[in-house]
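Coordinate inspection notes
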Amino acid sequence: MKIRKIRNSFLLLLTAMIWGAAFVAQSVSMDYIGPFTFICLRSIIGGCFLIPVIMVFDRIRMRGKKYNVVQAEGEVDLSWKNKQLLKSGIVCGIFLFLANCFQQTGIQYTSVGKAGFITTFYIILVPLIGLFFKRYCGILTWFGVVIALAGLYFLCITEKFTIEKGDALILASAFFYAAQILAIDHFNPFVDGVKMSCVQFLTGGVLAAVCMALFETPQIPMILNAAGPILYTGIMSTGVAYTLQIIGQKGLNPTVAALIMSLESVFSALSGYLFLHQILTVKELTGCALMFIAIILAQLPDVRRKTVRCPEA
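Structural notes, computed from the coordinates.

Rules and cut-offs
- Residues numbered from 1 in each chain as written.
- Predicted model: local features only at pLDDT ≥ 70, side-chain atom pairs only at ≥ 80, totals over all residues.
- Heavy atoms only, no water.
- Helix = DSSP H or I, 4+ residues; strand = E, 2+ residues; numbered from the N terminus.
- Rg over C-alpha atoms; globule rule 2.2 N^0.38 Å.
- Buried < 20%, exposed > 50% of the residue type's maximum accessible area, 1.4 Å probe, protein only.
- Contact = heavy atoms within 4.5 Å.
- Axes fitted to C-alpha atoms, helices over the stretch in contact; angles between N-to-C directions.
- Parallel < 35°, antiparallel > 145°, perpendicular 65-115°, else oblique.
- Left-handed = near helix turned anticlockwise from the far one by under 90°.
- Nonpolar A, V, L, I, M, F, W, Y, C, P; charged D, E, K, R; others polar.
- Salt bridge = Lys/Arg side-chain N within 4 Å of Asp/Glu carboxyl O.
- Patch = residues over 30% accessible without salt bridge, like charges linked within 9 Å, V, L, I, M, F, W, Y side chains within 5 Å.
- Areas by Shrake-Rupley, 256 points an atom, 1.4 Å probe, with all protein chains shown as cover.
- Phe/Tyr/Trp six-rings, centres within 6.5 Å; stacked < 30°, edge-to-face > 60°.
- Lys NZ or Arg CZ within 6 Å of the ring centre and 35° of its normal.

Moving on: the overall build of the protein. Within the protein, the secondary structure is distributed over 13 helices and 0 strands. Counting from the amino terminus, helix and strand elements in the protein follow one another as α-α-α-α-α-α-α-α-α-α-α-α-α. For 313 residues, the compact-globule formula gives about 20 Å, and the C-alpha radius of gyration of the protein, at 19 Å, lands near that figure. Along the longest, intermediate and shortest principal axes, the C-alpha atoms of the protein span 65 × 55 × 40 Å. Burial analysis of the protein (313 residues in total) assigns 49% to the buried set. For the protein, restricting intrachain contacts to residue pairs at least 6 apart in sequence, the fraction spanning at least 24 positions comes to 90%.

Given below as structure tokens:
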């Protein structure tokens with residue numbers, strides 16, 4: 001059992017590394033193609049990649065049930081025939097599409113490290129938005145909110161007390177990521193999470209395709225130049241990392257799992273430094289440190305808080 005927990009922790013650490021490095025891929029791709037083109041391609045690739053993963057999971061599930069074909073009363077329908085699956089996937093897909101739009105546009109005007117830490121502000125926002133749905137926050141969350149706001153000040157606010165365009169767009173994306181996470185939390189008990197994720201990616205891809213046709217003029221040579229970043233985010237960040245998350249979270253304490261995956265923000269800063277030579281100032285590093293402390297506080301167990309699981313999608 002201990003070896004299994006170590007293995008699962010390593011898988012989640014690998015997931016965080018993949019997600020952190022994805023910020024570099026997103027930034028590099030903007031040298032060749034527009035944000036809607038990138039979102040369209042990565043979303044469709046990610047959704048299609050999950051289809052064989054779903055087939056494998058379904059086969060494993062059916063093997064576990066063996067000959068028990070009749071669905072038990074009250075058991076969740078995990079098949080494609082579930083009427084809520086399409087609805088849940090579309091709703092989550094709309095929120096994810098909006099979050100991706102703001103993030104992908106904003107990353108053109110800010111550093112990869114800052115983008116990673118500002119994006120993880122959704123971890124603070126989820127319990128706060130949850131207040132409107134009677135999901136009450138504990139004292140640690142409120143401490144985290146105060147520290148996170150201080151971190152955002154050091155990260156985003158300039159000497160003229162203004163916020164940079166890119167930082168503002170990334171911050172807006174964090175709100176939509178929080179909304180998407182709450183939507184997933186709402187629908188997850190009623191559908192297969194991986195199938196819902198597949199539908200949401202394909203929904204985002206279709207929406208991005210419409211915007212791409214209206215506002216951008218994609219060119220095949222430029223898309224081929226950005227093929228590496230597109231494939232990385234589509235296959236690795238979406239398909240592989242999401243699958244590793246599902247496997248890694250099994251049998252692992254949810255708090256420990258969330259803490260490991262929150263290292264995504266740290267890996268984004270390291271990736272920005274290693275691959276793009278982006279160096280954060282002392283002020284920005286202070287903001288990153290405060291944000292990371294806030295993220296940890298928001299995920300620690302609190303007896304007075306009803307926690308919301310925050311699956312990455």
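Having put the structure on the table, let's press on.
This part takes up the packing of helix H1 (residues 2-29) against helix H4 (residues 112-119). Two numbers describe how H1 lies on H4: the axes approach to 9 Å, and their chain directions differ by 125°. Classified by the interaxial angle, the pair formed by H1 and H4 is oblique. Every pair of crossing elements has a handedness; the one defined by H1 and H4 is right-handed. Between H1, through Phe-23, Val-24 and Ser-27, and H4, the contact on the second element is made entirely by Val-112, Ala-115, Gly-116 and Thr-119. In terms of residue class, the contact of H1 with H4 is built from 4 nonpolar, 3 polar and no charged.

With the rule as written, the count across this model stands at 6 salt bridges. Between Lys-195 and Asp-58 there is a salt bridge whose closest N-O contact spans 2.9 Å. Taken together, the positions of Lys-195 in helix H8 (residues 193-215) and Asp-58 in helix H2 (residues 35-65) put the pair 137 residues apart, joining distant regions of the chain. Overall, Lys-195 belongs to the buried group, its relative accessible area being 1%. The partner of Lys-114 in a salt bridge is Asp-167, and the shortest N-O contact between them spans 2.9 Å. Of this pair, Lys-114 sits in helix H4 while Asp-167 sits in helix H7 (residues 165-187), and the two are 53 residues apart along the sequence. One network of salt bridges, with partners in common, ties together Asp-58, Arg-61, Asp-192 and Lys-195.

Nonpolar side chains collect at one region of the surface, where Leu-131, Phe-132, Phe-133, Tyr-136, Ile-139, Trp-142 and Phe-143 lie side by side and expose about 810 Å² of accessible area between them. By the secondary structure assignment, Trp-142 is in helix H6 (residues 139-156).

To continue, consider the packing of aromatic side chains. All chains considered together, the criterion is met by 4 aromatic pairs. Summarising the aromatic geometry, the rings of Tyr-122 and Tyr-177 are spaced 6.3 Å apart at their centres and angled 50° between planes, so their arrangement reads as tilted. Note that Tyr-122 is positioned in helix H5 (residues 122-129) and Tyr-177 in helix H7, a separation of 55 residues in sequence. Taken as a pair, Tyr-122 and Tyr-177 share a single burial class, namely buried. Its guanidinium or amino end placed over the ring of Tyr-109, Lys-165 lies 4.5 Å from that ring's centre, counting from NZ or CZ.

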